[in-house]
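# Working through the structure, step by step
Listed below are the residues making up each chain.
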Amino acid sequence: MSRAALSVRGLRAGYGRRQVLHDVNLDVQAGEVLALLGRNGAGKSTTLLSIAGFIPDATGTILLHGKPLRGTPHQRARAGTGLVIKGRSLFASLTVAENMTLAGLKPEALLEIFPELQRRLSVKAGQLSGGEQQMVAVARALIRRPRIVLLDELTFGLSPAMSRRVVDAVTTQAKADGIAVLAVEQHIHIAERIATHAAIIGEGTVRLHLRRDEMLKRSDEIEAIYLGRPVDV
Ligand SMILES: Nc1ncnc2c1ncn2[C@@H]1O[C@H](COP(=O)(O)OP(=O)(O)OP(=O)(O)O)[C@@H](O)[C@H]1O
């Protein structure tokens, strides 16, 4: 039995004949936030999508609290994965409350995490600001008390204040409910705020694992991986 909430070993995935991930290995413990860093096109989103079951040809071992995570995205969601992708995935023409109900959740549950959305429940999701949409998408994933939440660029396009609000909500909830979080990030300084640990992906594999306190100190090594240079690890 693996003690990690999420354990990934030997993950290989790609699109058609193009192999993007060659051998990805990572662990996320309950209550931890692991930031997945790497340059554009390194395969960060592909890693999340493979774990969530959207890349059917992906191979390797994925364990959720020691049990194999397999099957369709729906089956993996039922097993305890939550996914928040870029673009927020809300139905723009439905209200916030309807978006919650459609996901099988009580609209009011949203307010336990983001009480400031009280007056937005009856507003169409498409009329919310980007930050408000992200709040709804994140809350929808967290309220289900998943075992692992997969976040693709949580703060993409958000103002600094809104980013802080959303980041705080995720980290607080993850800690309180013992949810493991795997968060794709572009920027080290945001990762350093969100995450307890970081994994830096390059050449289709995780090249470096760091604790939060090492992220800024070892930014040269992270940069070298972004630039495709060799790193002494
Ligand atoms: N649906 C797809 N079909 C074909 N190739 C794809 C597809 N999605 C991604 N790719 C390719 O796979 C590689 C990895 O993409 P991925 O989106 O996982 O990278 P990323 O690290 O998340 O990048 P970014 O930081 O730019 O979002 C890229 O070269 C990309 O062009």
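Residues numbered from 1 in each chain as written. Predicted model: local features only at pLDDT ≥ 70, side-chain atom pairs only at ≥ 80, totals over all residues. Heavy atoms only, no water.

To keep things clear, this is the line we draw: UniProt positions are given in the numbering used here, feature names are shortened, and annotations may be inferred rather than shown by experiment.
The chain goes by ATP-binding cassette domain-containing protein in an unreviewed UniProt entry, where it is assigned to Acidisoma silvae. The UniProt entry for the chain carries the following text under Sequence similarities (unreviewed entry): "Belongs to the ABC transporter superfamily."

## Quick notes on the overall build of the chain
Worth spelling out the cut-off: For helices the rule is a DSSP run of H or I covering at least 4 residues; for strands it is a run of E covering at least 2, with both sets numbered from the N terminus onward. Buried, partly exposed and exposed residues are distinguished by accessible area as a fraction of the type maximum, computed with a 1.4 Å probe on protein chains only: under 20%, between the cut-offs, and over 50%, respectively. Contacts were defined at the residue level, with two residues in contact if any of their heavy atoms lie within 4.5 Å. Note on areas: Shrake-Rupley, 1.4 Å probe, and residue coverage restricted to the protein chains presented here. Only four residue types enter the charge count, namely Lys and Arg as positive and Asp and Glu as negative; His and the chain termini do not. Throughout, a charge is located at the NZ atom of Lys, the CZ atom of Arg, the CG atom of Asp or the CD atom of Glu.
Counting secondary structure elements, the chain contains nine helices and ten strands. For the chain, the spread of C-alpha atoms along the three principal axes comes to 55 × 35 × 35 Å. By residue count, 52% of the 233 residues in the chain fall in the buried class. In the chain, the share of contacts with a sequence separation of at least 24, taken over all contacts with a separation of at least 6, comes to 66%. On the chain, roughly 11,500 Å² of surface is accessible, and the fraction owed to carbon and sulfur atoms is 49%. For the chain, the distance from the average position of its 31 positive side-chain charges to the average position of its 22 negative side-chain charges is 5 Å.

## Quick notes on helix H1 (residues 44-52)
Along H1, seven of the nine residues are buried, which leaves the element largely enclosed by surrounding structure. When H1 is considered as a whole, its buried residues turn out to be Lys44, Thr46, Thr47, Leu48, Ser50, Ile51 and Ala52. One or two residues past the end of H1 sits Gly53, with phi positive at roughly 95°.

## A few points about the layout of surface pockets
Let me state the cut-off plainly: Think of a 1 Å grid over the protein atoms and nothing else: a 1.4 Å probe that fits but is trapped marks a cavity, an open set flanked by protein within 12 Å on at least five of seven lines marks a pocket, and residues with an atom within 4 Å of a point count as lining. Grid points are joined across faces, edges and corners, and a volume is the space filled by probe spheres set on the points. Each residue gets one label: Ala, Val, Leu, Ile, Met, Phe, Trp, Tyr, Cys and Pro are nonpolar, Asp, Glu, Lys and Arg are charged, and the others, such as Gly, are polar.
What the largest pocket holds in volume is close to 670 Å³. Taken together, 24 residues make up the lining of the largest pocket; nearest its centre are Ala77, Thr81, Leu83, Arg140 and Arg144. Residue assignment for the lining of the largest pocket shows that the elements contributing at least two residues are helix H2 (73-79), strand E6 (81-84), helix H3 (96-102) and helix H5 (130-143). Looking at the lining of the largest pocket, its residues break down into 13 nonpolar, six polar and five charged. The space that makes up the second largest pocket amounts to roughly 180 Å³. The biggest single contributor to the lining of the second largest pocket is strand E4 (residues 59-64), with four residues. When its residues are assigned to classes, the lining of the second largest pocket shows seven nonpolar, six polar and two charged.

## Comments concerning the pairing of strand E2 (residues 18-28)
Where we set the bar: Only strands joined by at least two bridges in the DSSP assignment are considered to pair.
Where strand E1 (residues 6-15) and E2 come together, seven bridges link them in antiparallel fashion. Paired with Ser7 across the bridge in E2 is Asp27. Between E1 and the antiparallel strand that follows it, E2, lie two residues; Gly16 among them carries a positive phi value of about 60°.

## Things to note about the nonpolar core
Worth spelling out the cut-off: Remark: nonpolar core denotes a set of buried residues (Ala, Val, Leu, Ile, Met, Phe, Trp, Tyr, Cys) joined through side-chain atoms within 4.5 Å.
Ranked by size, the top nonpolar core spans 52 residues in total, and within it Leu110, Phe114, Val136, Leu151, Leu154, Val181 and Ile200 carry the most contacts. Among the elements that line this core, the one with the most residues is H5, at seven residues. Non-local contacts of Val181, meaning those with residues more than four positions away in its chain, are made with Val28, Glu32, Val33, Leu34, Ile148, Val149, Leu151, Val170 and Ala174. Judged by nonpolar contacts, the second largest core, of 28 residues, contains Leu6, Val8, Leu36 and Val206.

## A word on the site of the ligand
Applied cut-off: The rule for a residue being near a molecule or strand is that one of its heavy atoms must lie within 4 Å of it. N or O atoms within 3.5 Å of each other form a polar contact, as long as, within protein, one can give a hydrogen and the other can take it, and as long as residues adjacent in sequence are counted only when both atoms are side-chain atoms.
Around the ligand sit 13 residues in total, of which Arg18, Gly41, Lys44, Thr46 and Gln186 are the nearest. One nitrogen or oxygen atom from the main chain of Gly43 is found 2.9 Å from an oxygen atom belonging to the ligand. Between the ligand and Thr46 there is a distance of 2.5 Å, counted from an oxygen atom to a side-chain nitrogen or oxygen. Contact with the protein chains hides 62% of the accessible area of the ligand, taken as 640 Å² for the molecule alone. At three residues, H1 tops the list of elements feeding residues into the shell around the ligand.

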